[in-house]
Amino acid sequence: MPSKKTRRWFILGVALVAFVVLIANTGLWETGLRFLFPGETTVIHPRASLLVLVWEHIQLVAISSGITIILGIPLGIWVSRPSGRDFLPIVTDITSFGQTFPPVAVLALAVPVLGFGLMPTIAALFLYGLLPVVRNTIAGLHAVPSDLLDAAYGMGMSRLQALFRVELPLSARVILAGVRVSVIINIGTAMIGAVIGAGGLGSPIIAGLVRDNLAFIIEGALPAALLAILADQFLTNIENSLAYTNEPV
Amino acid sequence: MIRLEQVTKRYGETTAVNQLSLEIGKGEVCVLIGPSGCGKTTTLRMINRLIEPTAGRIFIDGRDTATVDAEKLRLSIGYAIQSVGLFPHMTVFNNIAVVPQLLLWENNRIVRRVGELLELVGLEPADYIRKYPSQLSGGEAQRIGVARALAADPPILLMDEPFGAVDPLTRERLQAQFIHIQKEVNKTIVLVTHDLDEAIRLADRIAIMESGRLVQYDSPEIILSRPGSKFVRDFVGADRALKRLSRISVKDFIKPAAAVNVNQPKKEALASAAGHRWLWVVDDDEQLIGWVDTKTLMQSVSTKEAMDEGDAVKISILESATLREALSRMLELGFKHIPVVDDSQRLIGEVALGDIEAATAEGKG
Ligand SMILES: Nc1ncnc2c1ncn2[C@@H]1O[C@H](COP(=O)(O)OP(=O)(O)OP(=O)(O)O)[C@@H](O)[C@H]1O
Ligand SMILES: [Mg+2]
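Every chain begins its residue count from 1, and numbering advances along the sequence as written. Chain letters and ligand numbers both follow the written order, the letters beginning at A and the numbers at 1. Thresholds applied to this predicted model are a pLDDT of at least 70 for local features of residues and 80 or more for the giving and counting of side-chain atom pairs; totals over whole chains, interfaces and linings are not thresholded and use all residues. Side-chain descriptors were evaluated using all non-hydrogen atoms of the structure, hydrogens and water having been removed beforehand.

## Looking at the nonpolar core
At step 1: Nine residue types can take part in a nonpolar core, namely buried Ala, Val, Leu, Ile, Met, Phe, Trp, Tyr and Cys, and a core is a set of them joined through side-chain atoms within 4.5 Å. Buried residues are those whose accessible area, probed at 1.4 Å on protein chains only, stays under 20% of the maximum for their type, while exposed residues exceed 50% and partly exposed ones sit between those limits. Membership of the largest hydrophobic core comes to 95 residues, with the highest contact counts inside it found for Ile2(B), Leu22(B), Phe87(B) and Ile96(B).
At step 2: Per element, the largest residue contribution to this core is 6 residues, and it comes from helix 7 (residues 138-150) of chain B.
At step 3: Contacts: residue pairs with any heavy atoms within 4.5 Å of one another. Contact partners of Ile2(B), with chain neighbours within four places excluded, come to Leu22(B), Glu23(B), Ile24(B), Ile47(B), Phe59(B), Ile60(B), Ile156(B), Thr188(B) and Val190(B).
At step 4: Counting residues in each nonpolar core, the second largest holds 39 residues, with Trp29(A), Val61(A), Val133(A) and Leu176(A) among its members. Labels follow the DSSP assignment, with helices taken as runs of H or I lasting at least four residues and strands as runs of E lasting at least two, numbered in each case from the N terminus.

Below, the structure is given as structure tokens:
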């Protein structure tokens, strides 16, 4: 009898395979979209195959989320330490500001500095996804009960040992939840990259908007939505596997 | 072993600990007690430098702790707190293994040690090592907390209300186990409590504190018989004579008891009474099964017929009991003598009410 956990991963694996098969099968899309929009002359965006578009999109999200995680988690940790506590208000202000700023505006500001293409898009996505990661890291560390830290230091752990052996494991789920939110936001926001030529699933959508072609829009939006669901499930599974009792979750 | 010299801790205006000097010998159990907020926890945490004193010095084995690296110092001092503080993301095994792992012990040695410790605190290793703290009862968690504090065999143990968070019955059991464990490991222990009975039961010496100051530091017997101030007298309460009894084991008060075998003929039984009005009745295994009134016996056919049956557990006390328990049992049953039995309920002797009174009177001076 497979455990609930294995079953979840199995379902996710099946969904992933189904997703790849679906986006690789251009013929199927063509037939489907033609059936829905018999009036359009072209229903598939000609720039690149759907597989390539999805791949570009994943790259955009992976790179920007990667940077967000690599910088965001240490930033959250640092402002939770005595040495960085003074910067806590500034950091939370800046990250919330980063999120209230419309991504298109970030692009507009970034293009003169970073040029067109990948770089400004990644910069915008990074800024945009930073808040949930930093905020959850701070919240997760803050929620570690003080008596556990007392026990940790009392037993002779150094600050670094207490961080890695006690604080981070205990806040891992909360931090990962922040990562999940950030990645999902980025999958949606990465659409705007197409405006300045970063490619991805935004391309057919922009083209569809420009040419008033609903088929193109669906070609971009549907895989993006599926991608978001898959990413959400993937990260949720990781979160659940961090639950620290062997009771059924 | 541990020496505090004029130790003071101030937090702004408040003085949590005020010029406290205290010396704790090797293998001694020192219990810090006093009203809430009197500075017990602060004192304890200054010993392992979780709190740095504002003034004064603390020596362990003659070395000023301020000159030792704080983390190294703490690795050599066991620490158990009221809330237990087991790490919820670690199994029982990993919780106990924390300090040995920090000390980079070999894995085999850690496994062996964790097994030993679980047995020491009375938990079956195989049943517990894989459990998580959320799967333990309060009492089990406390015991794991003690095992964790003992993990690297530190010579010193600091315990802040270690039995505070459990029900009275479990607490009593844990205290009994504490005494048993301490006999085996013989650590130097500083224990904080606000339960006087616990202090009397566990301490070699009790340090009574009042708003940051040490007001008396003596053995429980002396604290109870000769409180040094009105504060201490009030603190130990009006029933201190009774409390003193809980420090005295019945062992030294056991006298031979008049007893008959249940199958002994009436004549022999009456002969062995030798002036006693009451006789304890035992079976062929020497186990206590009741008592007999010689007056009734004279009018009956046999010992068996005349006997009042009684459950040994209810009508006797164990030889490991205290005089306080003996007295309480006597009052409950209305006896002037109480039989003492061993673990298998075999009659050893009896304790007389008069002797308990005498013991109470002795301490009055
Ligand atoms: N970090 C702190 N900042 C300011 N005051 C403190 C701090 N820690 C303790 N105090 C004060 O110092 C005094 C002694 O505190 P401590 O915790 O040692 O008391 P305690 O004897 O352990 O009490 P309890 O029995 O309630 O645990 C209290 O008045 C407390 O308010
Ligand atoms: Mg306290």
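## A short note on the confidence of the model for chain B
At step 1: The predicted model of chain B has a mean per-residue pLDDT of 90, with 99% of residues at 70 or higher.
At step 2: Our summary of model confidence lists the complex with pTM equal to 0.80 and ipTM equal to 0.81. Per-residue confidence from the predictor is reported as pLDDT, a score between 0 and 100.

## Comments concerning the sheet that holds strand 8 (residues 188-192) of chain B
Residues and elements named next belong to chain B.
At step 1: Two strands qualify as a pair provided that DSSP identifies no fewer than 2 bridges between them. Here 6 strands make up an open sheet; going across it, the order is 6-7-8-3-9-10 and the pairing mixed. Pairing within the sheet leaves two strands with one partner each, and these edge strands are strand 6 (77-80) and strand 10 (213-218). Direction aside, neighbouring strands of the sheet carry axes that sit 15° apart on average.
At step 2: Fitted lines through C-alpha atoms serve as axes, helices being fitted only where they are in contact, and the angles separating the N-to-C directions of these axes extend from 0 to 180 degrees. On top of the sheet, helix 7 reaches strand 6 and strand 7 (156-160); it is set at about 165° to strand 6, its chief contact.

## Quick word on the sheet that holds strand 17 (residues 347-352) of chain B
Residue and element names in this part refer to chain B.
At step 1: Pairing is mixed in the open sheet, where 3 strands are placed in the order 15-16-17. Looking at the sheet topology across the chains shown, the edges are occupied by strand 15 (317-318) and strand 17.
At step 2: Note that strand 15 and strand 16 (residues 337-341) share 2 bridges and pair parallel. Following the sheet pairing, Ile317 is matched in strand 16 by Val340.

## Points about the state of the cysteines
At step 1: We call a pair of cysteine sulfur atoms a disulfide when they lie within 2.5 Å. As enumerated under the stated definition, the model contains 0 disulfides over all chains in all.
At step 2: Cysteine Cys30(B) shares no disulfide, and the gap to the nearest cysteine sulfur, in Cys38(B), comes to 12 Å.

## Focus: the pairing of strand 8 of chain B
Residues and elements named next belong to chain B.
At step 1: In terms of burial, strand 8 is a largely internal element, 5 of the 5 residues being buried.
At step 2: Side chains Thr188, Val190 and Val192 project from strand 8 onto one buried face, and the interleaved Ile189 and Leu191 project onto a second face that is buried too.
At step 3: Here strand 3 (residues 29-33) runs beside strand 8; their pairing, made up of 4 bridges, is parallel. Looking at strand 8, one finds that Leu32 is bridged to Val192.
At step 4: Direction of pairing for strand 7 relative to strand 8: parallel, over a ladder of 5 bridges. Residue Leu158 lies in a different strand from strand 8, and its bridge partner there is Val190.
At step 5: One crossover worth recording links strand 7 to the parallel strand 8 by way of helix 8 (residues 168-185), and it is right-handed. When the strands point away from the viewer and the connection leading from the first strand across the helix to the second strand turns clockwise, the crossover is called right-handed.

## Examining the layout of surface pockets
Residues and elements named next belong to chain B.
At step 1: Both site types are read off a 1 Å grid over the protein atoms alone. A 1.4 Å probe that fits but cannot get out defines a cavity, while an open set with protein on both sides within 12 Å along at least five of seven lines defines a pocket; lining residues have an atom within 4 Å of a point. Grid points are joined across faces, edges and corners, and a volume is the space filled by probe spheres set on the points. Roughly 1,400 Å³ of internal volume is contained in the largest pocket.
At step 2: The wall of the largest pocket is formed by 46 residues, among which Arg201, Ser320, Ala321, Thr322 and Glu325 lie closest to the centre.
At step 3: Where the lining of the largest pocket is concerned, the elements lending two or more residues are helix 8, helix 9 (196-202), helix 16 (312-315), strand 15 and helix 17 (323-333).
At step 4: With 12 residues, helix 8 is the single largest residue contributor to the lining of the largest pocket.

## Focus: the site of ligand 1
All names here are of chain B.
At step 1: Here a residue is near a molecule or strand as soon as one of its heavy atoms is found within 4 Å of it. Lining the immediate surroundings of ligand 1 are Tyr11, Ala16, Ser36, Gly37, Cys38, Gly39, Lys40, Thr41 and Thr42.
At step 2: Gly37 is positioned such that a nitrogen or oxygen atom in its backbone is 2.8 Å from an oxygen atom of ligand 1.
At step 3: Under the rule applied, a polar contact is a pair of N or O atoms within 3.5 Å (in protein, one hydrogen donor and one hydrogen acceptor; residues adjacent in sequence only if both atoms are side-chain atoms). Lys40 is positioned with one of its side-chain polar atoms (N or O) 2.8 Å from an oxygen atom of ligand 1.
At step 4: Surface accessibility follows the Shrake-Rupley procedure with a 1.4 Å probe radius. Residue values consider only the protein chains on display as shielding. Here ligand 1 loses 58% of its free accessible area of 640 Å² to cover by the protein chains.

## Comments concerning the packing of aromatic side chains
Residue and element names in this part refer to chain B.
At step 1: Pairing of aromatic side chains requires ring centres within 6.5 Å, counting the rings of Phe and Tyr and the six-membered ring of Trp. Pairs whose planes differ by under 30 degrees are stacked, by over 60 edge-to-face, and all others tilted. This structure, assessed with the given rule, holds 6 aromatic pairs over all chains.
At step 2: On the numbers, 6.0 Å between centres and 20° between planes, the contact of Phe231 with Phe235 is stacked. Within this pair, Phe231 and its partner Phe235 are both found in helix 11 (residues 230-236), separated by 4 residues, close to a single helical turn.
At step 3: Judged by its relative accessible area of 22%, Phe231 is partly exposed.
At step 4: Judged by its relative accessible area of 24%, Phe235 falls in the partly exposed class.
At step 5: In textbook terms, an aromatic cluster arises when at least three aromatic residues are bridged by ring pairs, as seen for Trp280, Trp291 and Phe335.
At step 6: Two limits define a charge over a ring: the Lys NZ or Arg CZ must be within 6 Å of the ring centre, and within 35 degrees of the ring normal. Lying over the aromatic face of Phe59, Arg3 brings its terminal NZ or CZ to 4.6 Å of the ring centre.
At step 7: Taking NZ or CZ as reference, Arg109 lies 3.6 Å from the ring centre of Trp105, over its face.

## Observations regarding the domain arrangement of chain B
Residues and elements named next belong to chain B.
At step 1: Start and end positions for the domains come from either an automated domain assignment or a database one. Per the domain assignment, the segments of chain B are domain 1 (2-245) and domain 2 (250-362).
At step 2: Using C-alpha coordinates to define each centre, domain 1 is positioned 41 Å away from domain 2.
At step 3: Summed over both partners, buried area is the accessible surface (1.4 Å probe) that two parts give up on being assembled. Note on domain 1 versus domain 2: buried area summed over both sides is about 570 Å², and carbon and sulfur give 61% of it.
At step 4: Three residues, Leu242, Arg244 and Leu245, lead the burial of domain 1 against domain 2; their summed loss comes to 79% of the area buried on that side.
At step 5: Here, a salt bridge means any Lys or Arg side-chain nitrogen found within 4 Å of an Asp or Glu carboxyl oxygen. On inspection of domain 1 and its partner domain 2, the count reaches 1 salt bridge.
At step 6: Inspection of the domain 1/domain 2 interface yields 2 residue pairs in polar contact (both at pLDDT 80 or more).
At step 7: For this classification, the nonpolar set comprises Ala, Val, Leu, Ile, Met, Phe, Trp, Tyr, Cys and Pro, the charged set comprises Asp, Glu, Lys and Arg, and every other residue, Gly included, is treated as polar. Residue composition of the side of domain 1 that touches domain 2, grouped by class: 3 nonpolar, no polar and 3 charged.

## Looking at unusual backbone geometry
At step 1: Positive phi values are uncommon outside glycine, yet Gln6(B) reaches one of about 50°.
At step 2: Residue classification places Gln6(B) among the partly exposed residues on the basis of a relative accessible area of 44%.

## Digging into the pattern of salt bridges
All names here are of chain B.
At step 1: Applying the stated rule across the entire model yields 21 salt bridges over all chains.
At step 2: Between Glu221 and Arg247 there is a salt bridge, with the nearest N and O atoms lying 3.2 Å from each other. Placement of the pair is Glu221 in helix 10 (residues 220-225) and Arg247 in the loop between helix 12 (240-245) and strand 11 (259-261), with a sequence separation of 26 residues.
At step 3: Note on Glu221: relative accessible area 31%, which makes it partly exposed.
At step 4: Three or more residues joined by partner-sharing salt bridges are found here, namely Arg113, Glu116, Asp153 and Lys187.

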